Amino acid sequence: MINGSDYTARYPNWNDWKWQLANRITSVDKLSKLLRLSEPEKADIHKCLEHFRMAITPYYASLIRPGDPEDPVRMQCVPSIEETFSCTDDMTDPLCEERDSPVAHIVHRYPDRVLFLVTLKCSTYCRHCTRRRVVGEEDRVISEKELRSALGYIRGHTQIRDVLISGGDPLVMGTERLEKIISALRMIPHVDIIRIGTRVPVVLPMRITDELLEMLKKYQPIWINTHFNHPREITPDSERACAAIVNAGIPLGNQSVLLKGVNDSLSTMRELLLKLVHMRVRPYYLYQCDLSRGISHFRTAVDKGIEIMHGLTGNISGYAVPKFVIDAPGGGGKIPVGYNYIISKDDREVVMENFRGDIFRYPQPPAG
Ligand SMILES: *Cc1c(COP(=O)(O)O)cnc(C)c1O
Ligand code: SF4
């Protein structure tokens, strides 16, 4: 691995996000030059690419330590033969997003908010992507007609006060195109907050430009949620991107996915969460890995997540602790799961355990 300044000496446009996009690693040959892959490794990746596509920004690829197949950055972006193994529980659309989609690109599951999938494109395709049934099949952007009907749906449903712009990665779109969507949403009186879900601070931090932030600032309140999974993804570049977002007055949250071999240990998770809070990024959700096709090798037992949550709670700042959720297969939505601190509960008292395992009692108010 060489440091960032060496890359800019070799590639003068390294810090230009459009250069990063144009130079994504999408072929086995290009990847092989970087990672010195063996012939069997190359054959496996070829096989995998028959099912799922690959794209990695040069920036994100530069974080991989060549020669280590278990590198946490590599595991998230380089295809593995395990993606081609099918598992009986695998589902194409485990979250039933299609059933809850009243018009194309909108998922309306909760009473007051919708998911608005504005693009299917990402700068880097995560191997663990939950939406891989659609993401990256082709770098397709929503058409004008689909955009009009999605906006029409939001306009026609006054209970929608929160729109979560996601995809794909919305920040891979040009600023002008994104502004068209955001400004149209801002004109709808009942839309209160606009959220953007993006992995750009992690995989393409140079996308967080002054031009983008100046645009977003015009349409406050805007919240951004990003997706760091491992402390190795926190670099001077990603720190700069996060600071710029927060300094623009945009609250920044993070969602992680619990991934076997990547971040399924208490020490890795604790280091990640503390570093996020240091960057003023608030951990929001920790997701149990779901049942999308080709990602079963990333799944951990649910108890692993509960054990990690138990190890975090009380031991580090409350601000650093996300909510652990399972997005229920079948479209049940996000269900918080965790350690049960209540030992018993009746009309007289609640008996509880604290984070150290000591027992405490809370007397119930006398019955009225
Ligand atoms: C996650 C999600 C949301 C947002 O949920 P919050 O808990 O408010 O972050 C909205 N719609 C769908 C379909 C979702 O999956
Ligand atoms: S950035 Fe998000 S949508 Fe895109 S591949 Fe990764 S997880 Fe999927």
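Procedures and definitions
- Per chain, residues are indexed from 1 in the order of the written sequence.
- Chains carry letters and ligands carry numbers; both start at the beginning, A for chains and 1 for ligands, and go up in the order they are written.
- Predicted model: local features are reported for residues with pLDDT of at least 70 only, side-chain atom pairs are reported and counted for 80 or more only, and whole-chain, interface and lining totals are derived from all residues.
- Based on all heavy atoms of the structure, the side-chain values leave hydrogens and waters out of the count.
- The rule for a salt bridge is simple: a side-chain nitrogen of Lys or Arg has to be within 4 Å of a carboxyl oxygen of Asp or Glu.
- Elements are defined by DSSP. Helices are runs of H or I of four residues or more, strands are runs of E of two residues or more, and each kind is numbered from the N terminus.
- Residues grouped as a nonpolar core are buried Ala, Val, Leu, Ile, Met, Phe, Trp, Tyr and Cys residues, joined through side-chain atoms within 4.5 Å.
- For every residue, the accessible area obtained with a 1.4 Å probe (protein chains only) is divided by the maximum for its type, and the residue is called buried under 20%, exposed over 50%, and partly exposed between those limits.
- Where a domain begins and ends is set by an automatic assignment or by a domain database.
- A contact between two residues is defined here by any heavy atoms of the two lying within 4.5 Å.
- Nearness of a residue to a molecule or strand requires only that one of the residue's heavy atoms be within 4 Å of it.
- Pairing of N or O atoms within 3.5 Å defines a polar contact, subject to two protein rules: one partner must be a possible hydrogen donor and the other a possible acceptor, and residues neighboring in sequence count only if both atoms are side-chain atoms.
- For this classification, the nonpolar set comprises Ala, Val, Leu, Ile, Met, Phe, Trp, Tyr, Cys and Pro, the charged set comprises Asp, Glu, Lys and Arg, and every other residue, Gly included, is treated as polar.
- Strands qualify as paired when DSSP identifies two bridges or more between them.
- Here, axes are lines fitted to C-alpha atoms. For helices the fit covers the stretch in contact, and angles between N-to-C directions go from 0 to 180 degrees.
- Note that the arc is defined by the directions from the helix axis to the C-beta atoms.
- Any two cysteine sulfur atoms lying within 2.5 Å of each other are counted as a disulfide.

Focus on the pattern of salt bridges
Then comes step 1: Summed over the entire model, instances satisfying the criterion amount to 21 salt bridges.
Then comes step 2: The salt bridge partner of R195 is D162, with a shortest N-O separation of 2.9 Å. In this pair, R195 is assigned in strand β4 (residues 193-197) and D162 in strand β3 (residues 162-166), connecting sequence segments 33 residues apart.
Then comes step 3: For the salt bridge of R199 with E233, the shortest nitrogen-to-oxygen distance reads 2.9 Å. In this pair, R199 is assigned in the loop between β4 and α9 (200-203) and E233 in the loop between β5 (222-226) and α11 (236-247), connecting sequence segments 34 residues apart.
Then comes step 4: Shared partners join several salt bridges into a network, and the residues in it are E83, R127 and R132.

Overview of the nonpolar core
Then comes step 1: Within the largest apolar cluster, 84 residues are counted, with the highest numbers of intra-cluster contacts made by F116, I154, I182, L185 and L216.
Then comes step 2: Composition of this core by domain shows at least three residues from each of domain 1 (4-84) and domain 2 (106-336).
Then comes step 3: Setting aside its immediate chain neighbours within four residues, L185 contacts F116, L151, I154, V163, I165, V191 and I194.

Description of the site of ligand 1
Then comes step 1: Contacts to ligand 1 come from V107, Y110, R113, L115, L164, R195, Y284, Y285 and K334.
Then comes step 2: Between ligand 1 and Y284, the relevant distance is 2.6 Å, taken from an oxygen atom to a side-chain nitrogen or oxygen of the residue.
Then comes step 3: A breakdown of the residues in the shell around ligand 1 according to their chemical character gives six nonpolar, no polar and three charged.

Quick word on the sheet that holds strand β10 (residues 342-345)
Then comes step 1: If you trace the three strands from one edge of the open sheet to the other, you get β10-β11-β12, paired in antiparallel fashion. The open sheet is flanked by β10 and β12 (359-363), the only strands paired with a single partner. Neighbour to neighbour, the strand axes of the sheet diverge by 15° on average, direction disregarded.
Then comes step 2: The sheet contact formed by strand β11 (residues 349-353) and β12 spans five bridges and is antiparallel. Across the sheet, E349 pairs through a bridge with P363, a residue of β12.

A few points about the domain arrangement of the chain
Interface extent is often summarised as the accessible area lost during association of the parts.
Then comes step 1: You can read the domains of the chain as domain 1 (4-84), domain 2 (106-336) and domain 3 (339-368).
Then comes step 2: Computed from C-alpha atoms alone, the centre-to-centre distance between domain 1 and domain 3 is 52 Å.

A closer look at helix α4 (residues 39-49)
Then comes step 1: Of the positions making up α4, those classed as buried are K42, I45 and C48. Within α4, the buried residues cover an arc of 120° as seen down the axis, which keeps them to one side. Facing away from the buried side of α4, by more than 90 degrees, are the exposed residues E39 and P40.
Then comes step 2: Next to the buried residues of α4 lie α3 (28-35).

Notes on the sheet that holds strand β1 (residues 106-110)
Then comes step 1: Pairing is mixed in the open sheet, where nine strands are placed in the order β1-β2-β3-β4-β5-β6-β7-β8-β9. The strands lining the two open edges of the sheet, one partner per strand, are β1 and β9 (333-336). Between one strand axis and the next, the sheet turns through 30° on average, direction left out of account.
Then comes step 2: Direction of pairing for β4 relative to β5: parallel, over a ladder of four bridges. Considered in β5, the bridge of R195 is made with W223.

Digging into the state of the cysteines
Then comes step 1: A complete count under the given rule lists zero disulfides for this structure.
Then comes step 2: Unpaired in this structure, C96 has its nearest cysteine sulfur neighbour in C129, at a distance of 17 Å.
Then comes step 3: Classification of C96 by relative accessible area gives buried; the value is 19%.
Then comes step 4: C242 forms no disulfide, and the closest cysteine sulfur to it belongs to C126, at a distance of 15 Å.
Then comes step 5: Owing to a relative accessible area of 0%, C242 belongs among the buried residues under this scheme.

Remarks on unusual backbone geometry
Then comes step 1: A cis amide bond, omega 20°, links G167 with the succeeding residue G168.
Then comes step 2: With respect to the secondary-structure elements, G168 resides in the loop between β3 and α8 (175-186).
Then comes step 3: Omega for the bond connecting Q220 with P221 falls within 30 degrees of zero, at 0°, which places this linkage in the cis form.
Then comes step 4: Tracing the backbone through its elements, the reader meets P221 in the loop between α10 (210-217) and β5.

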